[in-house]
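Coordinate analysis (summary)
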Amino acid sequence: MVRINVNGEERQLDVSDDMPLLWVLRDELNMTGTKFGCGIAQCGACTVHVDGAPTRACQTPVGMLTPDSKVTTIEGVKGKAAQAVQAAWQKLDVVQCGYCQSGQIMSAIALLTDNQNPTDQDIDAAMDGNVCRCATYVRIRAAIKDAAQTMRA
Ligand code: FES
Ligand code: FES
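This is a predicted model, so every value here is computed, not measured. (Residues numbered from 1 in each chain as written. Chains lettered and ligands numbered in written order. Predicted model: local features only at pLDDT ≥ 70, side-chain atom pairs only at ≥ 80, totals over all residues. Heavy atoms only, no water.)

Time to look at the layout of surface pockets. Quantified by volume, the largest pocket comes out at close to 210 Å³. If you trace the largest pocket, you find 15 residues lining it, with H49, T72, G76, V77 and K78 closest to the centre. At the level of secondary structure, the elements contributing two or more residues to the lining of the largest pocket comprise helix 2 (80-91) and helix 3 (101-114). Considering only residue class, the lining of the largest pocket consists of five nonpolar, eight polar and two charged. Considered as a void within the structure, the second largest pocket measures approximately 180 Å³ in volume. (1 Å grid on protein atoms, 1.4 Å probe; cavity = no way out; pocket = protein on both sides within 12 Å on 5 of 7 lines; lining within 4 Å. Points joined across faces, edges and corners; volume = space filled by probe spheres on them. Helix = DSSP H or I, 4+ residues; strand = E, 2+ residues; numbered from the N terminus. Nonpolar A, V, L, I, M, F, W, Y, C, P; charged D, E, K, R; others polar.)

Dropping the structure here:
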């Protein structure tokens, strides 16, 4: 039995410790906003927050988490940075096919929670592990800057 906290709710699951958090979220909890891309921590599609830090759910065995670890998914993200990012993503029409975007958004929110005035280098460093097959990188960077401006206003 594994106990984890997801989006503020405690969940008890009859799964093995080595099941990746991504499968727990998608298959056990039916939270399909977090996507499977590569499965080897190379694409960022599966990014969630664990205690606020962007984390690759595909390479995080659920047994590594404690009941005190706070897992946040795209379904449960909230707060000032989340609102600013969601609004900027819509305003600048960032999304193309959309597959990578929940991971991109989770990384962007983590960045802006820590740094409300990111440089291009800060953005590149924070978003480096999030791959987009549709190459929406220019709009992602612009949306992060727009969201940062909203947060500073
Ligand atoms: S699916 Fe986890 S990083 Fe690609
Ligand atoms: S929007 Fe298509 S993979 Fe990023």
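Every buried residue of helix 1 (residues 21-28) is listed here: L21, L22, V24 and L25. The inward-facing, buried residues of helix 1 abut strand 1 (2-6), strand 2 (9-13), strand 3 (47-50) and strand 5 (70-72). (Buried < 20%, exposed > 50% of the residue type's maximum accessible area, 1.4 Å probe, protein only. Contact = heavy atoms within 4.5 Å.)

Ranked by size, the top nonpolar core spans 22 residues in total, and within it V85, W89, I109, L112 and I144 carry the most contacts. Among the secondary structure elements, those contributing two or more residues to this core are helix 2, helix 3, helix 4 (120-127) and helix 5 (137-152). Once you skip the residues sitting within four places of it in the chain, L112 turns out to touch A81, V85, P118, I144, A147, A148 and M151. Within the second largest apolar cluster, 19 residues are counted, among which are L13, L21, L25 and M31. (Core = buried A, V, L, I, M, F, W, Y, C linked by side-chain atoms within 4.5 Å.)

The values are spatial; any link to function lies outside them.
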